[in-house]
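Chain residues, written in single-letter form:
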Amino acid sequence: MNNPESNSRKRTTSFLVGKKTTLAIAILSVCALCVFVVGMVIPFGVDFYNYRQGHRAYLRAECEDAIAFFEKVTGRNRLWDIAHIAERSEQERAECTAFQEAVNAVKGGDESSAVMAYLDFVKKYPGGPLSPVAKERVRDLFTAIGSQPDNLASVATCLEINTLRNWVSADNEADIWAPFYGGCARVYEREGLDNKAFEWYYGLMTEFPEHPRALAAVSSLEKDPRMACFQIDRLRTDSVMGASFPDFVPTLYLRCGQWFEGNDFYVDAYGFYRDFLTYYPEHSLREQVIERLLQNPVACERTADFQATDSHPAASFLPDIYFSCA
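Criteria and cut-off values
- Residues numbered from 1 in each chain as written.
- Predicted model: local features only at pLDDT ≥ 70, side-chain atom pairs only at ≥ 80, totals over all residues.
- Heavy atoms only, no water.
- Helix = DSSP H or I, 4+ residues; strand = E, 2+ residues; numbered from the N terminus.
- Buried < 20%, exposed > 50% of the residue type's maximum accessible area, 1.4 Å probe, protein only.
- Contact = heavy atoms within 4.5 Å.
- Disulfide = S-S within 2.5 Å.
- Phe/Tyr/Trp six-rings, centres within 6.5 Å; stacked < 30°, edge-to-face > 60°.

Visitor: Explain the side chain of Q100 to me, please; I cannot follow it from the model alone.
Guide: Structurally, Q100 can be placed in helix α3 (residues 85-107). The class of Q100 is buried, set by a relative accessible area of 9%. Apart from residues lying up to four places away in sequence, Q100 is in contact with C63, E64, I67 and K107.

Written as structure tokens, this is what we have:
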């Protein structure tokens, strides 16, 4: 037989147990949520602090410090990237790493590689906040007191001459670019690329003819004329060369003749001596050239070159040729 009072107590007990269970679940859920939130908020706070410190160092171009802070962010696993802190840290870390390569090259004394690293950096991150800093660092490498622009020359940096001249401007441009041009010429000489080396020497002599490095270039080409011999007509007809270095091309004709003669290319040597006497018949080197010509075995076969016209400026020494060939 059912007892109404007993049934009532059972229903009350079940209700209370249900409420307690629900309350317990709710409390556990809240606790779990709190743990989850705290577990997310605290690491985010740490990430945000490290990113902010790294970002400030990044903007100051203090990339070594910035990288250390960014790596504290990027080196940690997370469920999701709140506010894209990790993504931004990785982007700025990559940019700073590229910038730091140039900084480290300067510290290591490899300034030519540093210039190239800054150039590559600006190409890769043209709109970044560090690009103006990179350009300024390049300017400093070229213009700072005690700088040696010729030591900044390499095949890579020489190819970037137009960009470098756009970045680096100063009142004493000749003192910057004349040494750099000379450095590029020597770089290409060491590489065995005489034609390219000559172009740098030529640019040095025609763009900065008053600079001492231009005189040094003239001296180098006179001592080792190989690369200039094949450009001698271009040099002879250049107005700057004629005005600034009036004795250079006549001397070059003699040196080229001697060089070809020394390598048993007598026909080529004869051609340089003949052209000297054609273009510079009154030059002070005339007697030396005639002496070399009289010893050249080809001269005996080519006397007609000077008989073509009675007014040929070199015709006066024909009797000497006839005598030596007899």
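More follows now that the structure is in view.
Visitor: Where do I start with the state of the cysteines in this structure?
Guide: Every disulfide links exactly two cysteines, by a covalent bond between their sulfur atoms. For the structure on display, the rule yields three disulfides. Two residues share a disulfide in this structure: C63 and C96, whose sulfurs sit 2.2 Å from each other. The S-S bond linking C63 to C96 shows a torsion near -75°; that makes this disulfide left-handed. Placement of C63 in helix α2 (residues 63-74) and of C96 in helix α3 is noted, with a sequence separation of 33 residues between them. Of the two residues, C63 and C96, neither departs from the other in class, the shared state being buried. Across the disulfide, C229 is cross-linked to C256 (sulfur-sulfur distance 2.0 Å). One quick way to see it: the torsion about the S-S bond of C229 and C256 is about -105°, and its sign makes the bridge left-handed. Taken as a pair, C229 in helix α11 (residues 226-229) and C256 in helix α14 (residues 248-262) lie far apart in primary sequence, 27 residues in all. Residue classification places C229 among the buried residues on the basis of a relative accessible area of 3%. C256 sits in the buried class, given a relative accessible area of 0%.

Visitor: Before we go on, may I ask you to explain the packing of aromatic side chains in this structure?
Guide: All told, the structure shown has 19 aromatic pairs when counted by the stated rule. The interplanar angle of 85° and the centroid separation of 6.0 Å between the aromatic rings of F230 and F260 together place this pair among those described as edge-to-face. Taken as a pair, F230 in the loop between α11 and α12 (232-236) and F260 in helix α14 lie far apart in primary sequence, 30 residues in all. Assessed through its relative accessible area of 6%, F260 is described here as buried. For the pair Y253 and Y279, a centre-to-centre distance of 6.4 Å together with 35° between the ring planes defines the contact as tilted. Here Y253 is found in helix α14, whereas its partner Y279 is found in helix α15 (residues 266-279), with 26 residues between them in sequence. A relative accessible area of 0% places Y253 in the buried class. The exposure class assigned to Y279 is partly exposed, which follows from its relative accessible area of 39%.

Take it as geometry only, folks, not as evidence of what the structure does.
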